[in-house]
Amino acid sequence: MRGLEVVRAGALTTVQDLGRPGYAHLGVPRSGALDSGARGLANRLLGNPPGAAVLETTVDGVGLRAVGGAVTVAVTGAPCAVRVCGRPAAWGAPVLLRAGAELEVGRAESGVRGYVAVRGGFAVEPVLGSRSTDLLSGLGPPVLAAGALLPVGAAGPDPVAGVDALAAPGPPSELVLPLRLGPRADWFTAESVTGRLLRATYRVSAASNRIGLRTEGPALVRARGGAGGGELERELPSEGMVLGAVQVPPDGQPVVFLADHPVTGGYPVVGVVAGAALDAVAQVGPGCAVRFVRL
C-alpha cells in the first residue's frame, strides 16, 4: 500500500478536511481544518480537490516516511523548515518523496498550525462523510502516533505552480475579530459590552485549543442570570452553538468557539465572530493581543 508512515508525531497532529457539517442535530460537531485557507492552498498546489484530507500539525511539525512508492507532498500554514532526507526542501510548493524518503516538517517559525497535503489526499476511513479527527467527540481517525501508516488516495490532475503561496498571510501581531452582537448580548451590562468587550485588549490564553480560543482580559459582568447577575437569578437552558460563537462562562472571559466546538451550551453567547476571520485564529499563540470590533 502506498502511503506515509509517521516517524515523529509532533505535539498534536490530526487528519482534517472540510469537516462534517449538517449533523449538529445529532450532537456531532463540524470539525475540519482550523486554517481553511492554508488547507485549500496545500491541496491546490498538488491538484487535489478542495475536500482532500490533509494533516494539521501544531507548533513542532511532524516527521513522515514514504512507503510503497513515491508521493508528492506540500507544506503550508505556519512557515517552517522543510527537509527531505536531511536536505532543505521547499515550503509552499510541491515536493517529491521517493519510496523510503523521510520528510521532516520543522517547528513553526511563526504561527501555530501547519498543513501537510499529499497528492491524492490521505485516504483514511471516513466517518459520516468526513476524514476529520474530532477531538471533542472522538469521531474520525485517532490523533497521529509514531508508527501509524496513512494510506494515500489516487492522484488527480497534475500539481499546479505555487504562485499564491507567497500571498499566504503570516500570523497577526494583533488578532482583530469582527463581532456581530447577539443573541444574548442583553445578558451583560452595557458597560461590559461597549466599554470592555468592544474597547479593551484581550490576550490569547494558553488553554486555547481546537475547541475554542480562550481569552484573558477584563471580565464581562452579567446584567441578568447567575454569576452575580441581579435581575434574574437563573441560567440559560441549553441552546445551539455555531462556529465563531463567543460564549461567556461564569468567569466573564470570552471564548470563541472553533471547529471542534460543542453543538449546544448553557452559557450566554454575547456575539458571533464572522467566519472569514477564523482562519487567522488558527495561527495565534498564547499571549497574542485580541480585539473585538463591532461588525
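Heads up: these notes are all about the structure in this document.

Here the bond from Gly182 into Pro183 is cis, since omega is 10 degrees, no more than 30 degrees from zero. Along the chain, the position of Pro183 falls in the loop between strand E12 (174-181) and helix H2 (190-197). Here Ser31, not a glycine, exhibits a phi torsion of approximately 60 degrees, which is positive. As for its position among the elements, Ser31 is in the loop between strand E2 (14-16) and helix H1 (36-46). With a phi angle near 55 degrees, Leu128 is a residue other than glycine that sits in the positive phi range.

Moving on, we come to the sheet that holds strand E19 (residues 269-273). On the basis of which strands lie adjacent, the closed barrel formed by seven strands has the order E12-E19-E16-E17-E14-E13-E20 and mixed pairing. Across the sheet, the mean angle separating the axes of adjacent strands is 40 degrees when strand polarity is ignored. Direction of pairing for E12 relative to strand E20 (residues 289-294): parallel, over a ladder of six bridges. The residue bridging Val176 from the neighbouring strand is Arg291, located in E20.

On to the sheet that holds strand E6 (residues 80-84), then. Ordered in space as E7-E6-E9-E4-E1-E11, the six strands form an open sheet in which the pairing is antiparallel. On the outer flanks of this sheet lie strand E7 (87-89) and strand E11 (149-151), each paired with one strand and no other. Sheet twist, expressed as the mean angle between neighbouring strand axes with direction ignored, is 30 degrees. Pairing between E6 and strand E9 (residues 102-108): four bridges, direction antiparallel. Across the sheet, residue Val82 finds its bridge partner in E9, namely Val105.

Another aspect to go through is H2. Given 3.6 residues to a turn, an α-helix orients residues that are three or four positions apart in the same direction. Ser192, Val193 and Leu197 are the residues of H2 that are buried. All buried residues of H2 fall inside an arc of 95 degrees around its axis, so they share one side. On its buried side, H2 packs onto E12, strand E13 (202-204), E19 and E20.

On to the side chain of Ser205. Locating Ser205 in the fold gives a position in the loop between E13 and strand E14 (212-216). The class of Ser205 is buried, set by a relative accessible area of 9%. Discounting residues that sit within four places of it in the chain, Ser205 has contacts with Arg214, Thr215, Glu216 and Pro286.

We now examine the nonpolar core. Counting residues in each nonpolar core, the largest one holds 40 residues, and the members touching the most others are Leu177, Leu213, Val256, Val270, Val273 and Phe292. Listed by contribution, the elements that provide at least two residues to this core are H1, strand E10 (113-118), E12, H2, E13, E19, helix H3 (278-281) and E20. It is H1 that contributes the most residues to this core, five residues altogether. Ranked by size, the runner-up nonpolar core spans 27 residues in total, among them Val6, Leu55, Cys80 and Val82.

Analysis parameters
Going along each chain's sequence as written, the residues are numbered from 1 onward. Where local features are concerned, this predicted model is filtered to residues with pLDDT of at least 70; where side-chain atom pairs are given and counted, the filter is 80 or more; whole-chain, interface and lining totals use all residues. Excluded from the side-chain calculation are hydrogens and water; included are all heavy atoms of the structure. Numbering of helices and strands starts at the N terminus; helices are DSSP runs of H or I of at least 4 residues and strands are runs of E of at least 2. Pairs of strands are assigned from DSSP output, requiring at least two bridges between the strands. The angle between two axes is taken between their N-to-C directions and runs from 0 to 180 degrees, where each axis is a line fitted to C-alpha atoms and a helix contributes only its stretch in contact. Exposed residues in this analysis have more than 50% of their type's maximum accessible area, buried residues have under 20%, and partly exposed residues fall in between, with area computed by a 1.4 Å probe over protein chains only. The reported arc concerns the directions from the helix axis to the C-beta atoms and nothing else. Any pair of residues with heavy atoms lying within 4.5 Å of one another is described as a contacting pair. Side-chain atoms within 4.5 Å are what join buried Ala, Val, Leu, Ile, Met, Phe, Trp, Tyr and Cys residues into a set we call a nonpolar core.

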